[in-house]
Amino acid sequence: MTRPIALSEAQQQLLNLATPLGSETVAVDSALGRYLREPVVARRTQPPADLSSMDGYATCGDGPWSLIGESRGGNPFPGQLDAGQAIRISTGAVMPDGADTVLIQEHAKIDGNQLNQTAQSSGRTYVRSKGFDFAATEHVLGAGDQIGPAQVALALSAGCSTVTAHRLPQLALIEGGDELVSDPALADTHHIPATNNAMLAAMTHGMTCDTRMIGPVTDSLDALTSAFKSAGDTDIIVTSGGASVGDHDLVLPALESLGAEITFWRVALKPGKPLLVAKLGHQVVLGLPGNPVSSFTTAFLFLLPLLRHMAGAPFALPRSTTAQLSQPLPANGSRRQFLRAVWDGTHVAAVDEQDSSALRALASANAFIERPENCAGTEAGTFVPIYPLKNGGIA
Ligand SMILES: Nc1nc2c(c(=O)[nH]1)N[C@H]1C(S)=C(S)[C@@H](COP(=O)(O)OP(=O)(O)OC[C@H]3O[C@@H](n4cnc5c(N)ncnc54)[C@H](O)[C@@H]3O)O[C@H]1N2
Ligand code: MOO
């Protein structure tokens, strides 16, 4: 049996198996989370004209001024201002021709039709110049950019109702084991509710174009190979369970019987050591360990990056930040470890229960603490790398 490989090498080997998917046109309001295949080119200029940034008066020359009209949102003043003239103006309204200054209304004193200032106004301080945000034909978003809320607004503001994004991958999830039941109400002392497919579907929500749920599959080679075949031509197949060395751990034999190419099996990672990665025709297969926390951790470190990579993300791997330990940590073993932890924005502490089957502890965590291989005990107060998790729990 070969030695487990290092995490970073395993992640790189996995990403090397797949390339970003092709393009499709997506309505901007359905594009949240997507990565752009092509830049977004502005079809209009924003602002489309010089606009006032405050409520007040657009003036021409020195005061006092005589008031001759109004410019408000959607209704510009139709004429031109000459020296000594002013108009009422609203925030976001078009500056009339001839105006040089906006006098904010807090500094204005009206006497009949005459406008006086109580404090000096300063040139174009309250004017947003035409095109200062972007001009027509400029690239306002680039290939590889991810569409978030601000990008939705920007694309629409640029006059684009669709974007050209990478296609999202199709995913098949297979879970298996004779102890699993799909109806939690039917779990007796020798059965447990199947939870991994549902958890993995939740983790990958919005990152696939389609997720096919298969199982629970029984512990037989025939059942597992049939499950692989029923995954059809999805881009990625993910199994959970049956990845280890027991007599009923059938993922490796099933893949071998189907002629898959095994990329690697076993990573120096805790939890998640028995992770298996293979290529079955054009499909990438991830065999996740069955323990629910191991499945969660390997999905976070491998499946989510693979989905991002195929969806066109330039940087697919999760990025860490640092936080200060509020509790000491014991020495680590020879596998890189990801401890379930609670992070309050400044301090972080590992949760007490680190067993790879403990869902309650996992659900109480909102971060991983990453510990390098063979690292010594770490004192409270030390800054350590953490990965915030979208995992319910603390906001
Ligand atoms: N002799 C050894 N035994 C084990 C080793 C080893 O190196 N030598 N590795 C251990 C490690 S580490 C892990 S992790 C597990 C992974 O085992 P499998 O991937 O083969 O998973 P199973 O044995 O099928 O299941 C493990 C555990 O998880 C539960 N499970 C499985 N699927 C689901 C599901 N869909 N929903 C809920 N729970 C599930 C299953 O009932 C088991 O309790 O192997 C160690 N053993
Ligand atoms: O790696 Mo296993 O995932 O230690 O429990």
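All of these numbers come straight from a predicted model, not from anything done at the bench. (Residues numbered from 1 in each chain as written. Chains lettered and ligands numbered in written order. Predicted model: local features only at pLDDT ≥ 70, side-chain atom pairs only at ≥ 80, totals over all residues.)

Digging into the domain arrangement of the protein chain
Once the domains are mapped, the protein chain shows domain 1 (7-21 + 168-310), domain 2 (23-45 + 133-166), domain 3 (51-128) and domain 4 (321-388). If you average the C-alpha positions of domain 1 and of domain 2, the two centres end up 34 Å apart. (Domains from an automatic or database assignment.)

A word on the UniProt feature "domain: MoaB/Mog" (unreviewed entry) in the protein chain
If you check UniProt for "domain: MoaB/Mog" (unreviewed entry), the listed places come out as residues 172-309 in our numbering. For residues 172-309, helix accounts for 31% and strand for 29%, while the C-alpha atoms at its two ends are 17 Å apart. (UniProt positions renumbered as here; feature names shortened; annotations may be inferred. Helix = DSSP H or I, 4+ residues; strand = E, 2+ residues; numbered from the N terminus.)

Section: the sheet that holds strand S13 (residues 170-176)
With respect to topology, six strands assemble into an open sheet ordered S16-S13-S17-S21-S20-S18, the strand pairing being mixed. Sheet topology places strand S16 (210-217) and strand S18 (261-265) at the edges, where each strand pairs with a single neighbour. Across the sheet, the axes of successive neighbouring strands diverge by a mean angle of 15°, strand direction being ignored. Strand contacts of helix H4 (residues 221-230): S13, S16, strand S17 (236-240) and strand S20 (276-280), with the helix running at about 170° to S16, the strand carrying the most contacts. Where helix H6 (residues 292-310) meets the sheet, it contacts S17 and strand S21 (283-288), and its direction lies at approximately 165° from that of S21. (Pairing = 2+ DSSP bridges. Axes fitted to C-alpha atoms, helices over the stretch in contact; angles between N-to-C directions. Contact = placed C-beta atoms within 7 Å.)

As for the sheet that holds strand S4 (residues 56-59)
Spatially, the six strands line up as an open sheet ordered S7-S4-S6-S5-S9-S8, and their pairing is mixed. Looking at strand neighbours, the two that pair on one side only are strand S7 (101-104) and strand S8 (108-111), the edges of this open sheet. Within this sheet the neighbouring strands show an average axis-to-axis angle of 40°, counted without direction. Where S4 and S7 come together, four bridges link them in antiparallel fashion. The partner of Ala58 across the bridge, within S7, is Val102.

Considering the site of ligand 2
Within the structure, ligand 2 sits among Lys270, Pro271, Gly272, Lys273, Pro289, Asn291, Ser294 and Ser356. Class assignment for the residues of the shell around ligand 2 results in two nonpolar, four polar and two charged. (Near = placed C-beta within 6 Å. Nonpolar A, V, L, I, M, F, W, Y, C, P; charged D, E, K, R; others polar.)

A look at the nonpolar core
Residues Val163, Val238, Leu286, Ala341, Val348, Ile369 and Ile386 are the most contacted members of the largest nonpolar core, which totals 78 residues. Top contributing element to this core by residue count: H6, with nine residues. Other than its neighbours up to four places away in sequence, Ile369 contacts Leu339, Ala341, Val348, Ala350, Val384 and Ile386. Counting residues in each nonpolar core, the second largest holds 20 residues, with Ile87, Ala93, Ala108 and Tyr126 among its members. (Core = buried A, V, L, I, M, F, W, Y, C linked by C-beta atoms within 7 Å. Buried ≥ 20, exposed ≤ 12 C-beta atoms within 10 Å, placed from the backbone.)

Points about the site of ligand 1
The local shell around ligand 1 holds 26 residues, among which Asn196, Gly241, Ser244, Pro289 and Gly290 are the closest. Grouping the constituent residues of the shell around ligand 1 by class yields nine nonpolar, 13 polar and four charged.

Details of the environment of Asp222
With respect to the secondary-structure elements, Asp222 resides in helix H4. Using a count of 12 C-beta atoms within 10 Å as the deciding quantity, one classes Asp222 as exposed. Separated by 32 residues in sequence, Asp222 and Ala254 place their C-alpha atoms 8.1 Å apart.

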